[in-house]
Amino acid sequence: ETGVTQSPTHLIKTRGQQVTLRCSSQSGHNTVSWYQQALGQGPQFIFQYYREEENGRGNFPPRFSGLQFPNYSSELNVNALELDDSALYLCASSLVVQPSSYNEQFFGPGTRLTVL
Amino acid sequence: AQSVTQLDSHVSVSEGTPVLLRCNYSSSYSPSLFWYVQHPNKGLQLLLKYTSAATLVKGINGFEAEFKKSETSFHLTKPSAHMSDAAEYFCVVSEYGNKLVFGAGTILRVKS
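Throughout what follows, the structure given in this document is the object of discussion. Nothing here was measured: the structure is a model prediction, and the numbers come from that model. (Residues numbered from 1 in each chain as written. Chains lettered and ligands numbered in written order. Predicted model: local features only at pLDDT ≥ 70, side-chain atom pairs only at ≥ 80, totals over all residues. Heavy atoms only, no water.)

In this structure, the largest pocket spans a volume of roughly 500 Å³. Lining the largest pocket are 21 residues, with Gln37(A), Leu88(A), Arg112(A), Gln38(B) and Asn41(B) sitting closest to its centre. Looking at the lining of the largest pocket, its residues break down into seven nonpolar, eleven polar and three charged. Of the pockets and cavities examined, the second largest pocket occupies roughly 200 Å³. Lining the second largest pocket are Gly42(A), Pro43(A), Gln44(A), Phe45(A), Gly58(A), Asn59(A), Phe60(A), Lys99(B), Leu100(B), Val101(B) and Phe102(B). Breaking the lining of the second largest pocket down by element, the ones donating at least two residues are strand 5 (44-50) of chain A together with strand 11 (100-102) of chain B. (1 Å grid on protein atoms, 1.4 Å probe; cavity = no way out; pocket = protein on both sides within 12 Å on 5 of 7 lines; lining within 4 Å. Points joined across faces, edges and corners; volume = space filled by probe spheres on them. Nonpolar A, V, L, I, M, F, W, Y, C, P; charged D, E, K, R; others polar. Helix = DSSP H or I, 4+ residues; strand = E, 2+ residues; numbered from the N terminus.)

Moving on, we come to the packing of aromatic side chains. If you walk through the whole model with that rule in mind, you get 14 aromatic pairs over all chains. An angle of 65° between the planes, with centres 5.1 Å apart, marks the rings of Phe60(A) and Phe64(A) as edge-to-face. Across this residue pair, the class does not change: Phe60(A) and Phe64(A) are buried. Both rings, one in Phe90(B) and one in Phe102(B), keep their centres 6.0 Å apart while their planes meet at 80°; by these two values the pair is edge-to-face. With Phe90(B) in strand 10 (residues 87-94) and Phe102(B) in strand 11, the pair connects residues that are twelve residues apart, well separated along the chain. Phe102(B) carries the same exposure label as Phe90(B), and that label is buried. (Phe/Tyr/Trp six-rings, centres within 6.5 Å; stacked < 30°, edge-to-face > 60°. Buried < 20%, exposed > 50% of the residue type's maximum accessible area, 1.4 Å probe, protein only.)

Residues and elements named next belong to chain B. Residue placement: Thr 106 occurs in strand 12 (residues 106-111). Here Asp 8 takes part through its backbone oxygen, which lies 2.6 Å from a polar atom of the side chain of Thr 106. Leave out the neighbours within four places in its chain, and Thr 106 touches Gln 6, Asp 8, Ser 9, His 10, Val 11, Leu 21, Ala 87, Glu 88 and Tyr 89. (Polar contact = N/O pair within 3.5 Å; in protein donor to acceptor, adjacent residues only side chain to side chain. Contact = heavy atoms within 4.5 Å.)

Per the counting criterion, the structure on display carries two disulfides over all chains. There is a disulfide in this structure between Cys23(A) and Cys91(A), and the S-S distance comes to 1.7 Å. Measuring the twist about the S-S bond at about -50°, one finds the Cys23(A)-Cys91(A) disulfide to be left-handed. Placement of the pair is Cys23(A) in strand 3 (residues 19-24) and Cys91(A) in strand 9 (residues 87-94), with a sequence separation of 68 residues. Judged by relative accessible area, which is 3%, Cys23(A) ranks as buried. A sulfur-sulfur distance of 2.0 Å marks the disulfide that ties Cys23(B) to Cys91(B). The disulfide joining Cys23(B) to Cys91(B) has a torsion of about -70° about its S-S bond and is therefore left-handed. Of this pair, Cys23(B) sits in strand 4 (residues 23-26) while Cys91(B) sits in strand 10; the two residues are 68 residues apart in sequence, bridging distant segments of the chain. Classification of Cys23(B) as buried rests on a relative accessible area of 0%. By relative accessible area, Cys91(B) is classed as buried at 0%. (Disulfide = S-S within 2.5 Å.)

Quick look at the structure:
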């Protein structure tokens with residue numbers, strides 16, 4: 001069973017650029033959540049995708065967008081990068097049967113984004 | 001909205017002594033609570049979870065936590081610290097719809 005994988009592991013961009021981060025969910029999982037972890041802080045929920053539809057969003061501006069594909073992998077896109085977007089971006093997958101109930105999330109190792 | 005407060009940003013213990021990492025939560029209904037551990041350059045790993053069953057929850061690597069509704073607390077303990085326990089620990093509450101809300105984290109240092 002393959003765990004959650006993310007690519008790339010590290011990325012350096014400049015202000016104003018756009019970036020795409022990728023996540024492959026664990027086999028059998030249908031839901032992907034994205035989190036941003038700034039240095040010295042706990043992860044913050046960006047959004048979740050369930051069966052290719054956005055299923056909840058945290059307090060992030062619209063320039064943070066995402067996709068989920070039929071194979072349940074996912075992308076996080078960030079436009080017009082700002083210095084404060086520098087962070088570790090974590091992806092977590094889960095098998096959701098009932099969206100309202102708890103379903104364990106399994107985290108990938110993250111992508112470290114640096115914005116200069 | 002639900003939230004968690006980790007009362008200590010850093011905890012330092014000697015190897016072989018007990019570990020206590022403190023967490024208080026705020027929730028408008030019966031919460032699901034978790035502790036995750038993050039080792040340097042590794043992903044988050046679930047230590048244990050409380051989902052309204054037994055209030056004393058046992059997790060991996062000898063860790064346990066007790067849900068105390070009257071105190072709105074979910075402290076993490078381990079009887080005897082090991083060097084490999086040095087890491088950052090996050091107390092987490094789950095909101096409706098599987099959104100996880102993380103605390104700010106507690107860095108555990110284990111001295112030999």
